[in-house]
Amino acid sequence: MDHVVYMFEIEDCSRVTTHQLVRHRAVSYDQESQRFSAATREGVVTPPSIQTNEAAYKAYDEALKTVYSAYERMVAAGVPKEDARYILPGAIRTKLVMTLNARSLMHLVWQRTALQAQWEIRELATSLLNLARDATPELWTKIIER
Amino acid sequence: MVWSSPSPEKTIAVAMRRCYSTKPIEEIEMELEQKGADYWKYLLTKAMQDKSLDVLEHFTMTLLAEGAEGADVGDLLRNFPYLRVTRLEGSDWMVSLNARTLVELWRAPNGKAFADVVVAELDKGRVCPIFNEVAFGVRAHPS
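Here's what I pulled together on the structure shown here. Note that the coordinates shown come from a computational prediction; the quantities given were computed from them, not determined experimentally.

Check the secondary structure of chain B and you find 7 helices and 4 strands. Taken from the N to the C terminus, the helices and strands of chain B come in the order β-α-α-α-β-α-β-β-α-α-α. The C-alpha radius of gyration of chain B comes to 16 Å, within 12% of the 15 Å expected for a compact globule of 143 residues. For chain B, the C-alpha atoms occupy an extent of roughly 50 × 35 × 25 Å along the three principal directions. The 143 residues of chain B split such that 35% are buried. Looking at chain B alone, contacts between residues at least 24 apart form 62% of all its contacts between residues at least 6 apart.

Okay, here's the thing in structure tokens:
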């Protein structure tokens with residue numbers, strides 16, 4: 001298990017979820033930096049519980065508009081992106097590459113596909129499992145059967 | 001050498017560009033393919049100069065080590081916890097590591113001898129001539 005290694009390219013999950021992801025150890029991560037990349041208003045994840053609730057979505061959308069407006073005004077005023085980003089929301093979409101061995105992936109999948117896991121990381125962990133199973137079907141069939 | 005990441009220098013370059021680009025990964029990979037090996041070498045050299053060794057962690061390798069004493073392997077593992085080692089039989093071991101750990105081993109007095117063996121294996125198999133040259137000063141074999 002320690003000698004089988006996967007490298008994943010992950011896009012469009014929220015920083016909320018990558019904060020959960022990086023709690024898994026013995027994993028290598030390289031993530032899009034907010035120090036140098038400008039954040040955009042379009043790049044946010046909206047949880048289904050907010051998306052489907054009119055009042056909640058209105059509050060969410062208003063807050064995001066306020067935050068992004070402040071971010072853009074700070075950058076325009078000469079504040080470095082690495083400092084202006086302190087105001088950015090956890091909802092912001094991010095991209096990363098992740099390398100880990102089968103043992104670490106098994107632990108991640110075991111924890112993050114559980115019903116107690118939050119919806120977004122559960123979706124991500126399920127995708128990782130499916131990709132790993134496609135790449136190394138015999139190994140994952142044995143793991144899942146255990 | 002049992003296995004190593006395909007296109008190791010490009011893999012390192014992908015990880016490095018991922019940090020500083022907003023582009024989707026397909027565009028980054030296409031851009032790196034178009035710019036070619038000289039650009040991968042430039043990025044790798046910059047990563048080493050900036051001490052951004054995290055990007056090296058995506059280049060991984062697995063080796064069969066024969067004739068190593070358990071005490072020596074244990075000593076290495078205590079000092080380099082990201083080494084992954086499985087005892088196969090007697091003094092034979094399966095060892096997996098990433099390129100960052102290899103660089104750290106190579107720089108440490110108690111890891112240099114093992115690192116030299118790994119670097120020689122990489123060199124012999126022409127696995128990563130650019131990486132070997134930039135990280136260890138090993139000249140690539142003439143093609």
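With that out of the way, let us pick up the interface of chain B and chain A. With 19 residues of chain B in contact, the opposing surface of chain A contributes 18 residues. Elements represented by at least two residues in the side of chain B that touches chain A include exactly α1 (8-20), β2 (60-65), β3 (84-89) and β4 (92-98) of chain B. Counting residues per element, the side of chain B that touches chain A draws most heavily on α1(B), at 5 residues. Here the side of chain B that touches chain A is composed, by residue class, of 8 nonpolar, 7 polar and 4 charged.

Moving on, we come to the sheet that holds β4(B). Strand pairing within a sheet occurs via backbone hydrogen bonds; the two strands may be parallel or antiparallel. Strand order in the open sheet formed by 4 strands is β1-β2-β4-β3 (chain B), with antiparallel pairing between adjacent strands. Strand pairing shows two members of the sheet lacking a second neighbour, β1 (3-4) and β3 of chain B, which therefore form its edges.

Right, let's get into the environment of B:M16. Residues and elements named next belong to chain B. Mapped onto the elements, M16 comes out in helix α1. Taking the C-beta count within 10 Å as the criterion, M16 has 25 such neighbours and is therefore assigned buried. Measuring from C-alpha to C-alpha, the distance between M16 and I130 comes to 16 Å, with 114 residues separating the pair along the chain. Setting aside chain neighbours within four positions, we find M16 in contact with L43, A47 and V55.

For A:D12, which is not glycine, the phi dihedral falls at a positive 70 degrees. The topology assignment puts A:D12 in strand β1 (residues 5-14).

All right, on to the packing of helix α3 (residues 37-49) of chain B against helix α7 (residues 129-136) of chain B then. All names here are of chain B. The interhelical angle for the contact between α3 and α7, taken along N-to-C directions, is 30 degrees, at an axis separation of 10 Å. In terms of their interaxial angle, α3 and α7 are classed as roughly parallel. In terms of crossing hand, the pair formed by α3 and α7 is right-handed. Along the contact surface, α3 presents A37, W40, K41, L44, T45 and M48, while α7 presents I130, F131, V134 and A135. When the residues that make up the contact of α3 with α7 are grouped by side-chain class, the tally is 8 nonpolar, 1 polar and 1 charged.

Attention now goes to the sheet that holds strand β2 (residues 28-31) of chain A. Residues and elements named next belong to chain A. Taken in spatial order, the 3 strands of this open sheet run β1-β3-β2, and their pairing is antiparallel. In this open sheet, the two edge strands, each paired with only one partner strand, are β1 and β2. Each neighbouring strand pair of the sheet contributes to a mean axis angle of 20 degrees, computed without reference to strand direction. Sheet topology places β1 next to strand β3 (residues 93-101); 9 bridges connect them, and they run antiparallel. Along β3, the bridge assignment pairs E11 with K95. Sheet strands in contact with helix α5 (residues 102-112) are β1 and β3, and its direction is about 125 degrees off that of β3.

Here the focus is the nonpolar core. In this structure, A:A125, A:L128, B:I12, B:A13, B:M16, B:L44 and B:V118 are the most contacted members of the largest nonpolar core, which totals 49 residues. Beyond its immediate chain neighbours, meaning those up to four positions away, B:A13 contacts B:L32, B:W40, B:L43 and B:L44. Core analysis: the next-biggest nonpolar cluster, separate from the first, contains 6 residues, A:A39, A:V44, A:Y68 and A:Y71 among them.

Scoring rules and cut-offs
Residues numbered from 1 in each chain as written. Chains lettered and ligands numbered in written order. Predicted model: local features only at pLDDT ≥ 70, side-chain atom pairs only at ≥ 80, totals over all residues. Helix = DSSP H or I, 4+ residues; strand = E, 2+ residues; numbered from the N terminus. Rg over C-alpha atoms; globule rule 2.2 N^0.38 Å. Buried ≥ 20, exposed ≤ 12 C-beta atoms within 10 Å, placed from the backbone. Contact = placed C-beta atoms within 7 Å. Nonpolar A, V, L, I, M, F, W, Y, C, P; charged D, E, K, R; others polar. Pairing = 2+ DSSP bridges. Axes fitted to C-alpha atoms, helices over the stretch in contact; angles between N-to-C directions. Parallel < 35°, antiparallel > 145°, perpendicular 65-115°, else oblique. Left-handed = near helix turned anticlockwise from the far one by under 90°. Core = buried A, V, L, I, M, F, W, Y, C linked by C-beta atoms within 7 Å.

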